[in-house]
Structures are given as C-alpha cells and as structure tokens.
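Reading the structure
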Amino acid sequence: MRSLSTWRAVQKLVRVGLWPFLLYAVLWWFFLTSPLAHGLIERALFDHLTGVTPARIGVWGLLALLACIHVARMGAFFAKTYGEETFRYVAQALLRKNIVANVLRRPGAQPLPVSPGDALNRLRDDVAELADFPTWLPHSLGHVTGAVVAAVIMFTIHPTITLVAVAPMVAIFFVGRYTMKRVVQHWKTSRETTGAVTGFLGQVLDAVQAIKIADAQADVSAHFYALNKARRKANLKNSLLLQLLEGLWANIGDLSLAIVLLLAARAMQAGTFTVGDFALFSGYVWLVMEGPDTIGGFMADYQTQAVSIGRMLELQPDAPPETLVEPGPVYVRGAPPSVPHVHKSAAHRLEMVEATGLTYIHPGSGRGIEDVALRLGRGSFTVVTGPVRPGKAAALAVLVGLVPRGGGQIRWNGERVDDPASFFIPPRSAYTAQVPLLFSETLKDNVLMGLPQETVDVQAAIRMAVLEQDVEQLPHGLETVVGPRGVKLSGGQAQRTAAARMFARDPELLVLDDLSSALDVETERALWERLFEQRSATCLVVSHRRAALRRADHIVVLQDGRVEAQGHLDELLETCEEMQLLWRNVTPNQQEIAHDP
C-alpha cells in the first residue's frame, strides 16, 4: 500500500520553510509560557500589598515588569503570526506544486483518479490540513511546558489544592483519548461527503446540456439533495462531538477554579494560603488545563493527517509517495522566474520516426491496439483510418505518450525514445485532439498558451488554421474571451484555434486526431493546402475524410486494433475490402463528388 508517514512529511515541510517556522516556534513558545512569569509577578504584587512578603523593587517596579511582559507578548504575537502564516503559505504552495506536477507527469489521456470538484476540494482542504499540522509542535510544546511548570509551582505552594484542582483535568484527558477514534472517523466521513458534493456539482456543471436533453433535472436535483443530506449529517455529527468536547474542557476549567476558590478560602483562614497564592492559582489553573487539552487535540489532529495524506496521494497514483513533499523552490516574494522558451534548433530536426510493435490495452474495456507499426519520413503525410471503433486515436496517443505503452519501440532519427511523453513535445512534436480543450481566456492567449508573444507569429498561425475571417467577425478579435472550454466558439472554430496553437509552436511533427471532423469541405481543403505550403511539414493524422485520404502519401487501415492494410489510396481501394467499405460509407457532398476517382 502506498503511504507516507506523517512525521516524514512534517520533517520535509519544516525543512522547506525552516526560518519562518523557527521564528514562529520561538516566539509562540515565549508567548505561551510568559504567563508563568506574569503569575509570579502578580503573586509578589499581592503579597507585597497585603504585607506578607515585601518586594524589593516595590509596587511600581512590579507593575513595570507586568507592562514589559505585556508589550513583549504583543510584539511576539505579531511577529509569530508573520512566521506562522509564511510557513503555512510555503508549505501549502509546495504541496500543491508537487501534486500538480505529478498529475501533469501522468499520461495526458488518463483522467484524474477523482472528479475535478473532489480534486479541488483535496487541493484546498487536505493540503491546508497537512500544512497546518507542523504548527502544532511549538503550540503543544509551549502549552505543555506552561502546564508542567505551573503544576510544579502550584504543588510547591499547596500540594492538596493542586492535586484536587488537577484531578478533573486528568479525567477529561482520558475521556478525550476514548473518543479520539470516533472524532477521526467523523472527520473522515465529513471530508468524504463534502468531496462527493463538490465532485457531483462539478460534473453537473459540465453536463448541463446532457441533463436538459435527458429531462433529468428532477433526478439530478434529488441526487444532489441526497448527497447534501449525507454531508449535513456527517458535518453535524462531527461538529456536535467537537463542541461537546470543547464544552467539557471549558466547564472543567470553571470546575477546577471553583475547587480552588473553596479550598483556598479554608487555607487562607488557616493562614497557609496568601492572597498572592490565590492570584497565582487563579491564573495557573488555566495554564495547567491547556496542557492535557492541547495533548488531546494534538493526538486527534495527528490521526487525521494520515487521512489527508492518503487523499492527496490518491491524486498522484503513479508517483512515489515521497514526491508529495519533495523539496523545491517556492517563490514567496517577487515574480516567479519566467518559463524558459525552447528555441527550435538543428537538434530537433526530424528525418524519420519509426514505431514498431506499439501495443496498448485499455484497463477498463480491454480494447486498444496491438503490434502497430508506423514509419514517418520527413515531409510525409500519413493517415490512420478504419472503422468507427477504438484504436486509431490510441495509436497516436501511444506514439506521443498520452497513454502508457504496453509494448513496442519508438525511434526518432534512429535514436530510441524511452519516454515519449517528455520527448514528443514542441518543438519536436505537437498534438491536437479531436475535441480540443480551450481555456476561458482570450483567443490569443489560447493560441500562445504561455509562449512569449515576441517569439511567435500569431497572425501566421491564425492564417494557417484558416481562422482569419472568423477572428474578424469576433467582437474583440484576438482579444475575445472564448469562455469555459471555448463555449463561445463553434466546434470548427474551436478545432482551428487548437490547430493555430499547434502551428504557433512550429513543430517538426504534427499529430492530429480527426482535426477536420467539424469542418466543412472548403475550409478543410484550405487548411490542408496552407499546411502543405510548409514543405517540411510531417503529419500523422486520424481521419475518414476524403480530402485527407487523397492527400495522404501513406494510409494505415486499422481493424480491431491491428493493421489490416497499408499503402497509397489507389492501391488500397483495389486490394483492401475494409478501405473500399470505408470509402463507400463516406458521404461526399457535391464539392467532393467532382473530385472522386
């Protein structure tokens, strides 16, 4: 089972944010233990005023000491807050950076292990939970130090009152220990039910059209109500138990103080207890109470860390657990460094890509490809086609590393490629999916997608994608915001925007999964013509369209995940029954009929 110990994670996080953590730890420890000195000064002050034990520095000296302690505590509190919040920020930033980096290292076609809504919930709440846990260490140390020293001082003054006052706190500590497992279970259930609600809400927002078409609004609402009801029950149980324990602690403090009052009155009458002793006990009771309270809270929070760590590791199932807290730069101040732009050079030049024995079987359906071979020479146009079944897109995905390769070899200019996912990237290669993903940014930003504008000829990329007339009709041209997933664009416009994004990177190899599926024939023909104006363009395309098949130098016909036949269109139309069937089933429009052989 994949796991990461809580203490190992804490150690790594503290190392990354060491200096702000030390600042917080020292100052918070001082803040929590300074009431010890405050109680001793108050005792000396009241004993001086009642004439029991005159103070050498007098009343004003004692008051000055109290004032200095209060000022020092105020300064320590504000400074520790800076260290504490800085450490939390650094720790959260590191965790989120590592999780996102590990997600991005996964094969691109593999979905998240959980719904996007649940993933965001984990990136927010579980990350915050683990990043906050190290701050418990100075907090617990300060409270325990204060409690132990206060109990010792109280015991030296009056052992009987001390033991009677502390006894209820010890009893409540064991009550807290007894309920710890239940607290952790309620907390875990609360997180899981909250994740279910946010995950389902994200799915609903992505499927609004499907829900309307199916007239399923009532069913969706009922399911959403059921999920919220489960979350409400879980949160109610969790909050009720926590508030019950907090109430017990608050009342036990009042009970202990009441015991001190009753016993102190008798002791004062007997002359064995002074007003100063009473003042000290009144303050120290709360210090002593914070010790077991903090230990109980620390132990309960420690138990919940394993849950949060496990939930975060589920987001990166393919990465070693240690990478969750792997140290790395976190830019707290100033702008982060710019992403380096890789300029195209002779080292990226493509002469030949050869793939043999490519195999991939989808773990869910058992379908995929087996023993597929591809050979792509510089400037060639290769089309992968076949029946409407899984396999064609999988062949492209395996080649560029979007799904894990189950077998086979890939060579670029004769050199073996062991990690296609990191190798087949611009400027070597670029990939465009059949349903491209666009972001709710401007059309220009979707084309650039992080590239420095001065390094890209955006207008040339727009023209090559046959998008210039569409841009002119948009309300703000290239500065038009396309909406989530490009909803403000038509299907063809979204495909051509993705194509422009690919062209802007000037890759050696263009990999396109049915790019022209949403294009009319005239636009498709213009796109291929403009692409082949770039004589060095090397293309690997999935398509059933006649315009693409006619232009192909080489066609690979896949049937049930295997290569059925390959060759030129004229040859396949004579020898391959599957190709003949595909060609007949493609419904040409009038513009294509005139060009049919």
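What you are looking at is a predicted structure, and each value in this text was computed from that prediction instead of being measured.

The rules behind the values
- Residues numbered from 1 in each chain as written.
- Predicted model: local features only at pLDDT ≥ 70, side-chain atom pairs only at ≥ 80, totals over all residues.
- Heavy atoms only, no water.
- Pairing = 2+ DSSP bridges.
- Helix = DSSP H or I, 4+ residues; strand = E, 2+ residues; numbered from the N terminus.
- Buried < 20%, exposed > 50% of the residue type's maximum accessible area, 1.4 Å probe, protein only.
- Patch = residues over 30% accessible without salt bridge, like charges linked within 9 Å, V, L, I, M, F, W, Y side chains within 5 Å.
- Areas by Shrake-Rupley, 256 points an atom, 1.4 Å probe, with all protein chains shown as cover.
- Salt bridge = Lys/Arg side-chain N within 4 Å of Asp/Glu carboxyl O.
- pLDDT = per-residue confidence, 0-100.
- Contact = heavy atoms within 4.5 Å.
- Axes fitted to C-alpha atoms, helices over the stretch in contact; angles between N-to-C directions.
- Phe/Tyr/Trp six-rings, centres within 6.5 Å; stacked < 30°, edge-to-face > 60°.
- Lys NZ or Arg CZ within 6 Å of the ring centre and 35° of its normal.

Our next topic: the sheet that holds strand S1 (residues 352-361). The 4 strands lie next to each other as S2-S1-S4-S5, forming an open sheet whose pairing is antiparallel. Taken across any chain shown, the strands that pair with only one partner, and hence form the sheet edges, are strand S2 (368-377) and strand S5 (415-416).

A few words now on the environment of Glu192. Along the chain, Glu192 turns up in helix H6 (residues 159-206). Residue class for Glu192 comes out partly exposed when judged on its relative accessible area of 41%. With 132 residues separating them along the chain, Glu192 and Trp60 place their C-alpha atoms 58 Å apart.

Right, let's talk about a nonpolar patch on the surface for a bit. On the surface, a nonpolar cluster with roughly 320 Å² of combined accessible area is contributed by Phe46, Leu49, Met268 and Val275. Relative to the elements of secondary structure, Leu49 occurs in helix H2 (residues 18-49). Relative accessible area serves as the criterion here: at 54%, Leu49 is assigned to the exposed category.

Let's shift gears to the confidence of the model for the chain. In the predicted model, the chain carries a mean pLDDT of 86, and 94% of its residues have values of at least 70. Here residues 589-597 is a poorly scored stretch, pLDDT under 50, and it has 17 contacts once near neighbours within four places are set aside; other chains count.

Turning our eyes to something else, we now look at the sheet that holds strand S8 (residues 538-542). Taking strand neighbours across the sheet as the criterion, the 6 strands line up as S6-S7-S8-S3-S9-S10 in an open arrangement whose pairing is mixed. The outermost strands of the open sheet, each flanked by one partner alone, are strand S6 (429-432) and strand S10 (562-567). Taken pair by pair, the neighbouring strands of this sheet meet at an average axis angle of 15°, ignoring direction. Pairing between strand S3 (residues 381-385) and strand S9 (residues 554-559): 4 bridges, direction parallel.

Now for the packing of aromatic side chains. Per the stated rule, a full pass over the model turns up 19 aromatic pairs. With 5.0 Å between their ring centres and 10° between their planes, Trp28 and Phe31 make a pair best called stacked. Of this pair, Trp28 and Phe31 are both found in helix H2, 3 residues apart, which corresponds to roughly one turn of the helix. This pair shows no difference in class: Trp28 is buried, exactly as Phe31 is. A network of ring pairs unites the aromatic residues Trp7, Phe133, Trp136, Phe298 and Tyr302 as a single cluster. Taking NZ or CZ as reference, Lys80 lies 4.2 Å from the ring centre of Trp28, over its face. For Arg428, the ring lying beneath its charged end belongs to Phe423, and the centroid distance is 4.0 Å.

Buried residues dominate strand S7 (residues 509-513), accounting for 5 of its 5 residues. Burial along S7 is two-sided: Leu509, Val511 and Asp513 facing one way and Leu510 and Leu512 facing the other are all buried. Judged from the 4 bridges that link them, S6 and S7 form a sheet pairing that is parallel. The partner of Ala430 across the bridge, within S7, is Leu510.

Let us now look at unusual backbone geometry. Peptide bonds are mostly trans, and most non-glycine residues show a negative phi. Note that the residue after Pro426, namely Pro427, is joined by a cis bond; omega there is 5°. As for its placement among the helices and strands, Pro427 is situated in the loop between helix H11 (420-423) and S6. Despite not being glycine, Asp215 shows a phi value in the positive range, around 50°. When you line up the elements, Asp215 lands in the loop between helix H7 (208-213) and helix H8 (217-270). A positive phi angle is found at Asp514, which is not glycine, with a value near 50°. Along the polypeptide, Asp514 turns up in the loop between S7 and helix H16 (521-531).

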